[in-house]
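Read off the chains here:
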Amino acid sequence: MLADLPILPQTRAFLSRKRQMLIGEQWQDAASGNTMSFRNPATGEVLGDVPSAGAEDVDRAVQAARQAFDDSPWSRLRPRERQNLLWKLADLMERDAQELAELECLNNGKSAAVAQVMDVQLAIDFFRYMAGWATKIEGCTVSPSLPLMPDEQFHGFIRREAVGVVGAIVAWNFPLLLACWKLGPALATGCTVVLKPADETPLTALKLAELVLEAGYPAGVFNVITGTGLNAGVALTRHPGVDKLTFTGSTEVGKQIGKAAMDNMTRVTLELGGKSPTLVLADADLQQAAAGAANAIFFNQGQVCCAGSRLYVQRKHFDNVIADIAGIANGMKLGNGLDPSVAMGPLISARQQERVSGYIELGRELGATIACGGESFGPGYFVKPTVIVDVDQKHRLVQEEIFGPVLVAMPFDDLDEAVRLANDNPYGLGASIWSNDLGAVHKMIPRIKSGSVWVNCHSALDPALPFGGYKLSGVGREMGAAAIEHYTELKSVLIRL
Ligand SMILES: NC(=O)c1ccc[n+]([C@@H]2O[C@H](COP(=O)([O-])OP(=O)(O)OC[C@H]3O[C@@H](n4cnc5c(N)ncnc54)[C@H](O)[C@@H]3O)[C@@H](O)[C@H]2O)c1
């Protein structure tokens, strides 16, 4: 089967090799010997297996990371050297960009061509951005007053120090990029990392671990444990040797991780679910807005935390915009992501296909209108791009994250109503406004309760802009200078002279 795939020889070689976890400097099996299989979502076939780690493996990985942080060449490295290593890692990823993209495609279902210019390129850009931060981590000095010792002199200063061992757990929708959003600031600040990729998508995390070693990082700086959320994930979140947890995934699991983190007072960043609104104002360039709204929901099969999954259009243009989006959806070619002409791949799993189809069925039962799509098919886990209208704002389809290519759409009458509808949801990750009236847009921006607001674009991410959620979409921020703050601690020092 592998021999027939149109992939690079090195991708085929990676898939043919035995895969082990990286703990310290050793590639290892799980202590139990257990393994778990992963599939190609475009065919449903098992592609291979990886070790299924348990608490014992997690403990070994945390110990390796602890030792590397406390006492290794890494702990003594100068900022300039951390910068150069991160730059070297980015160069290696650039060298292997096609292989990384093909692995992402085979393991996740997304288009290999898109993965190369988006997922892999964004990860490379992010590493280079973070490399620049390694030499710019600053504390400050203060002039203490200390009124009870008026005749003494003091010098006060604040050090900004790496937080320590980072436990990172990520979702399957952008396996490489999400891992790199956590690894970049950790390596820039001098932390060490234990990464657990999603159960479904271990491949690019293991490839990344190979590149980290090749770049010259000391043993234990980056460890990858493959395993299930319930075994490896839970063990990592409860491990007292972890100084910071950073998680990307569902709000449900995020709440559990937040509670586990508080038991050990572990620092925690949570990047969680979303149900982001796309608002099309009457004065917008309507064709651009329709294309943008379609891309906002259908990119990556709708499996994007900040996907524009709720569409609100000013009433007089509602029917036209929906017709345009339905036209775009109906013209999308679905298939295997290795085919460059394919616009949409499969969902990640049979479970996700059933879940998304269940929401579409629920819409039908409640009398909503399916403006396009609605069907699912195989082999593989495909769901057609779907637009649903005649829904109520309070409906589960409008309130809950579907995490698939399903758009729910409603009209609004004025901008106050648009803002109210946009905010009427438990999540607050992203929102886009499509309009040429910048005055109106600027008045709306402060009123929208979300971590990102895009104007005439959607899900546009930049390494310099912090990304994260309001409300149930999470705690903390990734990217930008904010990421450096989240991977460092402050230490106050007072010296009596
Ligand atoms: N805000 C963001 O930046 C962002 C980005 C991508 C995805 N997401 C969200 O991720 C979700 C989809 O991903 P998913 O279905 O893989 O989420 P998930 O929460 O089921 O799993 C995410 C990760 O957590 C692990 N996990 C599961 N249960 C665990 C537990 N009890 N303890 C510790 N780890 C556990 C999984 O093995 C996986 O690695 C969506 O809600 C999506 O919005 C958010």
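Residues numbered from 1 in each chain as written. Predicted model: local features only at pLDDT ≥ 70, side-chain atom pairs only at ≥ 80, totals over all residues. Heavy atoms only, no water.

### Brief notes about the overall build of the protein
Item 1. Secondary structure summary: the protein contains 16 helices and 24 strands in total.
Item 2. Computed over the C-alpha atoms, the radius of gyration of the protein is 24 Å, within 12% of the 23 Å expected from 2.2 N^0.38 for a compact globule of 497 residues.
Item 3. Overall, the protein is about 75 × 65 × 40 Å in size when its C-alpha atoms are taken along their principal axes.
Item 4. Relative to its 497 residues, the protein shows a buried fraction of 57%.
Item 5. Considering only contacts in the protein between residues 6 or more positions apart, those separated by 24 or more positions represent 72%.
Item 6. Charged side chains of the protein number 45 positive and 54 negative; the gap between the two group centres comes to 3 Å. (Helix = DSSP H or I, 4+ residues; strand = E, 2+ residues; numbered from the N terminus. Rg over C-alpha atoms; globule rule 2.2 N^0.38 Å. Buried < 20%, exposed > 50% of the residue type's maximum accessible area, 1.4 Å probe, protein only. Contact = heavy atoms within 4.5 Å. Lys, Arg positive; Asp, Glu negative; His and termini not counted. Charge placed at Lys NZ, Arg CZ, Asp CG, Glu CD.)

### Concerning the sheet that holds strand E13 (residues 308-314)
Item 1. In spatial order, the strands read E14-E17-E18-E13-E12-E20-E21; together these 7 strands make up an open sheet with mixed pairing. The open sheet has two free edges, formed respectively by strand E14 (369-372) and strand E21 (452-455), since each of these has just one partner strand. Strand after strand, the sheet turns through a mean of 25° between neighbouring axes, direction not considered.
Item 2. Strand direction decides the pairing type here: E13 and strand E18 (residues 406-412), joined by 5 bridges, are parallel. Counted as the bridge partner of Tyr-312 is Met-410 from E18.
Item 3. Docked against the sheet, helix H11 (residues 318-330) engages E13, E14, strand E17 (386-389) and E18, running at close to 145° with respect to E13. (Pairing = 2+ DSSP bridges. Axes fitted to C-alpha atoms, helices over the stretch in contact; angles between N-to-C directions.)

### Looking at the site of the ligand
Item 1. Residues in contact with the ligand amount to 29 residues; listed here are only the nearest, Val-170, Asp-199, Ser-250, Leu-272 and Glu-401.
Item 2. For the ligand, an oxygen atom lies 2.7 Å from a polar atom in the backbone of Val-170.
Item 3. Contact between the ligand and Gln-256: a nitrogen atom at 3.2 Å from a side-chain N or O atom of the residue.
Item 4. Out of a free accessible area of 850 Å², the ligand has 90% covered by protein chains.
Item 5. The pocket occupied by the ligand, as judged from atoms lying within 2 Å of grid points, is the largest pocket.
Item 6. Those elements that provide at least two residues to the shell around the ligand are helix H8 (229-238), strand E10 (244-248) and helix H9 (251-264). (Near = heavy atom within 4 Å. Polar contact = N/O pair within 3.5 Å; in protein donor to acceptor, adjacent residues only side chain to side chain. Areas by Shrake-Rupley, 256 points an atom, 1.4 Å probe, with all protein chains shown as cover. 1 Å grid on protein atoms, 1.4 Å probe; cavity = no way out; pocket = protein on both sides within 12 Å on 5 of 7 lines; lining within 4 Å. Sits in = over half its atoms within 2 Å of the grid points.)

### Description of the packing of helix H5 (residues 112-133) against helix H6 (residues 175-189)
Item 1. With their axes 9 Å apart at the nearest point, H5 and H6 run at an angle of 10° to one another. Classified by the angle their axes make, H5 and H6 are roughly parallel. Where H5 abuts H6, its residues Asp-119, Val-120, Leu-122, Ala-123, Phe-126, Phe-127 and Met-130 lie against Leu-176, Leu-177, Cys-180, Trp-181, Leu-183, Gly-184, Pro-185 and Ala-188. (Parallel < 35°, antiparallel > 145°, perpendicular 65-115°, else oblique.)

### Remarks on the pairing of strand E6 (residues 154-162)
Item 1. Examined bridge by bridge, strand E5 (residues 140-142) and E6 share 3 bridges and lie antiparallel to one another. Across the sheet, residue Cys-140 finds its bridge partner in E6, namely Ile-158.
Item 2. Sheet topology places E6 next to strand E24 (residues 488-496); 9 bridges connect them, and they run antiparallel. Across the sheet, Phe-154 pairs through a bridge with Arg-496, a residue of E24.

### Details of the packing of aromatic side chains
Item 1. Under the criterion given, the structure shown has 5 aromatic pairs.
Item 2. Here the aromatic rings of Phe-377 and Phe-382 are separated by 5.0 Å at their centres, their planes lie at 5°, and the arrangement is stacked.
Item 3. For Phe-377, a relative accessible area of 32% puts it in the partly exposed group.
Item 4. For Phe-382, a relative accessible area of 4% translates into the label buried.
Item 5. Above the plane of the ring of Trp-87 lies Arg-128, whose end atom (NZ or CZ) is 5.1 Å from the centre. (Phe/Tyr/Trp six-rings, centres within 6.5 Å; stacked < 30°, edge-to-face > 60°. Lys NZ or Arg CZ within 6 Å of the ring centre and 35° of its normal.)

### Some words on the environment of Pro-240
Item 1. The topology assignment puts Pro-240 in the loop between H8 and E10.
Item 2. When the C-alpha atoms of Pro-240 and Gly-254 are compared, they prove to be 18 Å apart, with 14 residues separating the residues in sequence.

### Quick word on the UniProt feature "active site" (unreviewed entry) in the protein
Item 1. With numbering aligned to this structure, UniProt lists the feature "active site" (unreviewed entry) at Glu-271.
Item 2. By the secondary structure assignment, Glu-271 is in strand E11 (residues 267-271).
Item 3. Using a relative accessible area of 4% as the deciding quantity, one classes Glu-271 as buried.
Item 4. Not counting chain neighbours up to four residues away, the residues in contact with Glu-271 comprise Phe-247, Thr-248, Gly-249, Phe-467, Gly-468, Gly-469, Ser-473, Gly-476, Arg-477 and Glu-478. (UniProt positions renumbered as here; feature names shortened; annotations may be inferred.)

### Here's the deal with the domain arrangement of the protein
Item 1. Taken domain by domain, the protein consists of domain 1 (2-272 + 474-494) and domain 2 (277-462).
Item 2. With 29 residues of domain 1 at the contact, the number on the domain 2 side is 24 residues.
Item 3. Across the domain 1 to domain 2 interface the summed buried area is about 2,100 Å²; carbon plus sulfur atoms make up 66%.
Item 4. In terms of surface lost to domain 2, no three residues of domain 1 exceed Pro-41, Ala-42 and Trp-172, which account for 24% of the buried area on that side.
Item 5. Summed over the shared surface of domain 1 and domain 2, the result is 0 salt bridges. (Domains from an automatic or database assignment. Buried area = accessible area lost by both parts, 1.4 Å probe. Salt bridge = Lys/Arg side-chain N within 4 Å of Asp/Glu carboxyl O.)

### What to know about the nonpolar core
A general tendency of soluble globular proteins is for nonpolar side chains to be buried together.
Item 1. In terms of nonpolar packing, the biggest core is built from 102 residues, with Leu-89, Met-93, Phe-127, Tyr-217, Leu-311 and Ile-325 touching the most fellow members.
Item 2. With 10 residues, H6 is the largest single contributor of residues to this core.
Item 3. When residues of this core are assigned to domains, at least three fall in each of domain 1 (2-272 + 474-494) and domain 2 (277-462).
Item 4. Ignoring sequence-local partners within four residues, the contact set of Tyr-217 consists of Trp-74, Arg-82, Leu-85, Leu-86, Leu-89, Leu-187 and Val-212.
Item 5. Among the nonpolar cores identified, the runner-up in size contains 29 residues, and Leu-279, Tyr-312, Phe-412 and Ile-448 belong to it. (Core = buried A, V, L, I, M, F, W, Y, C linked by side-chain atoms within 4.5 Å.)

### Regarding the UniProt feature "domain: Aldehyde dehydrogenase" (unreviewed entry) in the protein
Item 1. In the numbering used here, UniProt assigns the "domain: Aldehyde dehydrogenase" (unreviewed entry) feature to residues 27-493.
Item 2. Structurally, residues 27-493 comprises 40% helix and 21% strand, and the distance from its first C-alpha atom to its last is 41 Å.

### Side note on the side chain of Thr-488
Item 1. The residue Thr-488 is located in strand E24 in this model.
Item 2. A polar contact is formed between the side chain of Thr-488 and the backbone oxygen of Ile-484, at a distance of 2.7 Å.
Item 3. Only 3.3 Å separates the side chain of Thr-488 from the backbone oxygen of Glu-485, close enough to count as a polar contact.
Item 4. When residues no more than four places from it in sequence are discounted, the contact partners of Thr-488 are Arg-160, Glu-161, Ala-162, Val-163 and Thr-189.

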